[in-house]
Amino acid sequence: MGSTAEHHESKIRTVDWVDDAVLLVDQTVLPQRVEMLRIDRVADLVAAIVRLSVRGAPALGVAGAYGVALAASQHGPTADREAFDGAVESIRTARPTAVNLALMVDRVTPVAVAGGFEAALAEADRIRDEELAASVAMGDAGADLVAELVAGAGARAGGADAEPANIRAMTICNTGGLATVERGTALAVIQTLHERGRLAEALPVETRPLLQGGRLTTWELRRMGAPHRLLVDSAAPFLLARGQADVVLIGADRVAGNGDTANKIGSFGLALGAAHAGVPFIVVAPETTIDLQTLTGADIEIEDRDGDEVTGVRGIAIAPEGTEAVNPAFDVTPVGLITALVTDRRVVRFDRGETL
Ligand code: MRU
């Protein structure tokens, strides 16, 4: 594994295959530094996934797909089947809630077994390209829906302008290019609204404990030149109640068959705040994040992470030594609190009784 400092002014691919290795943006050092990780061993990829150097459900799916190609090149699925299977399983289970990881590992594994490294790599490239296209589609469909749902607010506040930049969009965690390959899910919608001249401001919550909103989403919003203000997680329901946001847009790590949605811890609280305020609450996720095998949110495995992430911030202790902490990485928002799910292929209006 290698690490190089690079400065990018244009597009960054969060995860890709370059020169016989997986190339990742190391998200643990953003926004202070933009560094790429070059990973050519499965164990290093698993470690990178666990420490969140690569994160976000769709990006994990692509990383997992390339991981299988890596396992095929390292072990050769037919030469050392046991080592290959063990390597694949270690990638597949590195993070349990984001369904894309296991799904994409399961898609590439039989291809690797049948056709070896080259076939696995070609399949992983296809998955990367599908994610790229999905982000564009979700951005467009989501921006259309938000414009429709917030049209009333435009008429109230906007006066003569047909399409004023009047949309204030709250969001959590990081759902941008860093969480996919480029552009993202919920943040792709915000980016599209901005490109269409409709965004008044984005309101990312900082997203304790690992601050994906404060560190990563602000970094992406700045790069896209979109107006934004950061808030602490606990301010979100109050801002919603005070009428300071028109829509809440979140991503998803797993959408159960009934529409219940697992996403970053704090999403459920945003949904409750949005319902209280009568603000649309929209989930944006590719079809690959829908898991029909999981019937309801109660069946979704939630990743519990190390308490150190709560008792400290970026290596600085904020609680007395020995303080115990509870640290679920995700929560589940019941479908009854979700206005709509926007995927790369459809819009499901749960508020109108539509189902998956
Ligand atoms: O723990 P993380 O940073 O991997 O959590 C990510 C999220 O919760 C995202 O909202 C989700 O994966 C959707 S990403 C487009």
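Quick notes on the rules
- Residues numbered from 1 in each chain as written.
- Predicted model: local features only at pLDDT ≥ 70, side-chain atom pairs only at ≥ 80, totals over all residues.
- Heavy atoms only, no water.
- Salt bridge = Lys/Arg side-chain N within 4 Å of Asp/Glu carboxyl O.
- Helix = DSSP H or I, 4+ residues; strand = E, 2+ residues; numbered from the N terminus.
- Buried < 20%, exposed > 50% of the residue type's maximum accessible area, 1.4 Å probe, protein only.
- Domains from an automatic or database assignment.
- Contact = heavy atoms within 4.5 Å.
- Buried area = accessible area lost by both parts, 1.4 Å probe.
- pLDDT = per-residue confidence, 0-100.
- Expected span 1.5 Å × (residues − 1).
- Arc of directions from axis to C-beta.
- Phe/Tyr/Trp six-rings, centres within 6.5 Å; stacked < 30°, edge-to-face > 60°.
- Lys NZ or Arg CZ within 6 Å of the ring centre and 35° of its normal.

(A) View of the pattern of salt bridges. Applying the stated rule across the entire model yields 25 salt bridges. With its nearest N and O atoms 3.5 Å apart, the salt bridge here joins E182 to R13. Highlighted residues: E182 in the loop between β5 (167-171) and α6 (186-195) and R13 in the loop between β1 (2-5) and β2 (15-18), separated in sequence by 169 residues. The salt bridge partner of R126 is E123, with a shortest N-O separation of 2.6 Å. Linking R126 with E123, this pair stays in helix α4 (residues 99-149), spanning three residues, or about one helical turn. By relative accessible area, which is 42% here, R126 ends up partly exposed. A single salt-bridge network, built from bridges that share partners, covers R13, D16, D125, R128, D129 and E182.

(B) Structural view of the domain arrangement of the protein. Assigned domains of the protein: these are domain 1 (2-129) and domain 2 (158-352). The straight-line distance from the C-alpha centre of domain 1 to that of domain 2 is 25 Å. Across the contact, 33 residues belong to domain 1 and 31 residues belong to domain 2. Taken together, the two surfaces of domain 1 and domain 2 that pack against each other cover about 2,500 Å², and 51% of this comes from carbon and sulfur.

(C) A look at the confidence of the model for the protein. Chain-level pLDDT for the protein is 93 on average; 94% of the residues reach the 70-or-more range. This model gives residues 3-9 a pLDDT under 50, and the stretch forms 14 contacts once residues within four places in sequence are excluded.

(D) Structural detail: helix α3 (residues 81-92). The end-to-end C-alpha distance of α3 is 16 Å, a good match for the 16 Å that 12 residues give at a rise of 1.5 Å each. Along α3, the positions that sit buried rather than exposed are F84, A87, V88 and I91. Along the long axis of α3, the arc covered by the buried residues comes to 95°, so they all point the same way. Where α3 is buried, its residues touch α1 (42-50), α2 (57-75) and α4.

(E) A look at the packing of aromatic side chains. Enumeration over the complete set of coordinates arrives at two aromatic pairs. When the ring of W17 is compared with that of F117, the centres are 5.8 Å apart and the planes differ by 50°; the resulting orientation is tilted. Highlighted residues: W17 in strand β2 and F117 in helix α4, separated in sequence by 100 residues. Residue F117 is classed as partly exposed on the basis of its relative accessible area, which comes to 21%. Aromatic rings pair up to connect W17, Y66 and F117 into one cluster. The cationic tip of K264 hangs over the ring face of F330; the distance from NZ or CZ to the ring centre is 4.4 Å.

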